[in-house]
Amino acid sequence: MSVKTRAAVAFGLNEPMQIVELDLADPAPGQVMLRMLASGLCHSDLHAMDGKLAQRFPFVPGHEGVGEIIALGQGVTDFAIGEHVIPYLIPECGKCTFCTSGRTNLCVEYRARRNSARSPFSLDGETIAAFMELGTFAEKTVVWADCLVRIPKNAPADHTCCIACGVTTGLGSALIRAKVSPGSSVAVFGAGGVGLSTIEGARLAGAARIIAIDTNPAKEVIARQSGATDFIDPRDIHNIVQHIMEMTGLGVDYAFDCVGHPALARQTLEMTNAAWGVAMCVGVVAEGVEVSVLPTNLYAGRTWTGSLMGGAKRADVRRFVDMYLAGDYSLDHVVSHRLTLDEINRAIEMMKTGESVRSVIVYEG
Ligand SMILES: NC(=O)c1ccc[n+]([C@@H]2O[C@H](COP(=O)([O-])OP(=O)(O)OC[C@H]3O[C@@H](n4cnc5c(N)ncnc54)[C@H](O)[C@@H]3O)[C@@H](O)[C@H]2O)c1
Ligand SMILES: [Zn+2]
Ligand SMILES: [Zn+2]
């Protein structure tokens, strides 16, 4: 017996979302039903809506959520009704080579589920896809239990929802993937939800100099609150690579592209120290678009790498929640707007214009 849920649905490329009542299937074995408490808007939702990421339409966007478990599918014994959880977009089957490697969690189920046509949402018998198998811009959704991260009930959902993607990706990129070292220098393109947390991660790691680079000058104050020691609007600079070299002498130790642009990906590499610099692609470059490099920029020893969800496992997501609750970092300056589900298109507009830092949809109880 299915239940109904209100949800934001993207019906077509670049179209505003519509709030629609959908049918929601009962949780299958291994799944749970969630009543969403809050969900942040990440730029990847936009990329899916504007075709930069491959995505079936129509679909329910949203992958940065916190919810309460309201129903358990058969065989789910690790979780109980009433618990608060982050549904994390990378599952953890616990059996595949990735899960058991101890080095990463790129669980094979991540791609397998992304390629499957299954979704709990439907409208008049037609399937409506769930972005990243989560679809958190719905009052209720159904997700796999092996992607859940239990969080304390007193954790403020309108802040901790951001840890489901942006914060984990940023902190993880700095702390897990790059392993930023104390006293080092760091450059970060893009002071958005992901970039600010990358800056925060570099600060927590003890970096001495953290240079935020953003085309929106309003981000300077916020970037500095996250730990940036310098801020550059690249439109004021003739050659950003040369400028960073002049600022730092030999280039930064670590550079992150948290925007997602081929030119920036290349610049991050070129602005790092030639011998030990680490350049990381974090922002999503449109599917099929290539990024180029001069091999001479790699010979001396630079590392050019990337980050999917900061390399974080479910345990890391929980660790980042605990660090937030312990006051190791703040999200007060990051969550700039709290909106209702009906205001979702306003959140999209504000992300496009740069008026918001992070918008969060807060669901009524
Ligand atoms: N790798 C991953 O696992 C992962 C996870 C989450 C998000 N992402 C991607 O990370 C990127 C950032 O996401 P977000 O949610 O932080 O976005 P956001 O919209 O919150 O922030 C993007 C920031 O980049 C700035 N910007 C835009 N163009 C710029 C340029 N040319 N130079 C410098 N700054 C520029 C904007 O002003 C804004 O402050 C997106 O591409 C998103 O899809 C990747
Ligand atoms: Zn995201
Ligand atoms: Zn696995």
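No experiment lies behind these values; they were computed from the predicted model shown.

Criteria and cut-off values
- Residues numbered from 1 in each chain as written.
- Chains lettered and ligands numbered in written order.
- Predicted model: local features only at pLDDT ≥ 70, side-chain atom pairs only at ≥ 80, totals over all residues.
- Near = placed C-beta within 6 Å.
- Nonpolar A, V, L, I, M, F, W, Y, C, P; charged D, E, K, R; others polar.
- Domains from an automatic or database assignment.
- Helix = DSSP H or I, 4+ residues; strand = E, 2+ residues; numbered from the N terminus.
- Pairing = 2+ DSSP bridges.
- Axes fitted to C-alpha atoms, helices over the stretch in contact; angles between N-to-C directions.
- Parallel < 35°, antiparallel > 145°, perpendicular 65-115°, else oblique.
- Contact = placed C-beta atoms within 7 Å.
- Buried ≥ 20, exposed ≤ 12 C-beta atoms within 10 Å, placed from the backbone.
- Right-handed = clockwise from strand over helix to strand, strands pointing away.
- Arc of directions from axis to C-beta.

Asker: Any chance you could explain the site of ligand 1 here in plain terms?
Answerer: Contacts to ligand 1 come from 32 residues, most closely from His-43, Gly-190, Gly-192, Val-194 and Gly-260. The class makeup of the residues in the shell around ligand 1 is 14 nonpolar, 16 polar and two charged. Built from parts of two domains, the shell around ligand 1 gets at least three residues from each of domain 1 (3-164 + 332-362) and domain 2 (167-309).

Asker: Can you walk me through unusual backbone geometry in this structure?
Answerer: Working note: non-glycine residues mostly have negative phi, and peptide bonds are mostly trans. A cis amide bond links Phe-57 with the next residue in sequence, Pro-58, at an omega value of -10°. With respect to the helices and strands, Pro-58 occurs in the loop between helix 1 (43-49) and strand 4 (59-60). Located in the positive-phi region is Lys-179, a residue other than glycine, with phi close to 50°.

Asker: Would you explain the sheet that holds strand 13 (residues 230-232) in this entry?
Answerer: What holds strands together in a sheet is hydrogen bonding between their backbones, with the strands either parallel or antiparallel. On the basis of which strands lie adjacent, the open sheet formed by six strands has the order 13-12-11-14-15-16 and parallel pairing. The open sheet is flanked by strand 13 and strand 16 (303-306), the only strands paired with a single partner. Taking the axes of each pair of neighbouring strands and ignoring which way they run, one obtains an average angle of 15° across the sheet. Across five bridges, strand 11 (residues 185-189) lies against strand 12 (residues 209-213) in parallel orientation. Paired with Val-186 across the bridge in strand 12 is Ile-210.

Asker: How should the packing of helix 5 (residues 166-177) against helix 10 (residues 314-325) be read in this particular structure?
Answerer: In a packed pair of helices, the relevant descriptors are the angle between the two axes and the axis-to-axis distance. Contact geometry of helix 5 with helix 10 gives a least axis separation of 10 Å together with a crossing angle of 100°. Our classification of the angle between helix 5 and helix 10 gives roughly perpendicular. Residues Val-167, Thr-168, Leu-171, Gly-172 and Ile-176 of helix 5 form the contact with helix 10, whose own contacting residues are Asp-316, Val-317 and Phe-320.

Asker: In this structure, what is going on with the sheet that holds strand 2 (residues 18-24)? I would like to understand it.
Answerer: Within the open sheet, the five strands sit side by side as 1-2-7-8-4. Their pairing is mixed. Single-partner strands in this sheet number two, and they are strand 1 (3-9) and strand 4. The sheet contact formed by strand 4 and strand 8 (residues 126-130) spans two bridges and is parallel. If you follow Phe-59 over to strand 8, its bridge partner there is Ala-129.

Asker: What is the right way to read the pairing of strand 14 (residues 254-257) from this model?
Answerer: Burial of strand 14 is two-sided: the residues Tyr-254 and Phe-256 facing one way and the residues Ala-255 and Asp-257 facing the other way are all buried. Of the pairings in the sheet, the one linking strand 11 to strand 14 comprises four bridges and is parallel in character. Pairing of Phe-189 across the sheet is with Asp-257, part of strand 14. Pairing geometry for strand 14 and strand 15 (residues 278-281), over four bridges, is parallel. Directly across from Tyr-254, in strand 15, lies its bridge partner Val-278. Read from strand 14 through helix 9 (residues 262-270) to strand 15, the crossover connection turns out right-handed.

Asker: Would you explain the pairing of strand 11 in this entry?
Answerer: Two faces, one strand: in a regular strand the side chains alternate between the faces of the sheet. Counting buried residues along strand 11, five of its five residues qualify, which places the element largely inside the surrounding structure. With burial as the criterion, each face of strand 11 is covered, one bearing Ser-185, Ala-187 and Phe-189 and the other bearing Val-186 and Val-188.

Asker: It is not clear to me how the environment of Thr-272 should be interpreted in this structure. Could you clarify?
Answerer: On the secondary structure map, Thr-272 appears in the loop between helix 9 and strand 15. Residues Thr-272 and Gly-249, 23 residues apart in the sequence, show an inter-C-alpha distance of 10 Å. For Thr-272, the contacting residues outside a window of four places in its chain are Gly-251, Val-252, Asp-253, Tyr-254, Ala-255, Gly-277, Val-278, Ala-279 and Arg-302.

Asker: Before we go on, may I ask you to explain helix 11 (residues 344-353) in this structure?
Answerer: Helical geometry note: an α-helix holds 3.6 residues per turn, so side chains three or four residues apart project in the same direction. Every buried residue belonging to helix 11 is among Ile-344, Ala-347, Ile-348 and Met-351, and all of these are buried. Projected onto a plane normal to the axis of helix 11, the buried residues spread over an arc of 100° and lie on a single side. Of the exposed residues in helix 11, the ones pointing more than 90 degrees away from its buried face are Glu-349 and Thr-353. Two residues or fewer after helix 11 comes Gly-354, characterised by a positive phi angle close to 85°.

Treat this as a map of the structure, not an account of what it does.
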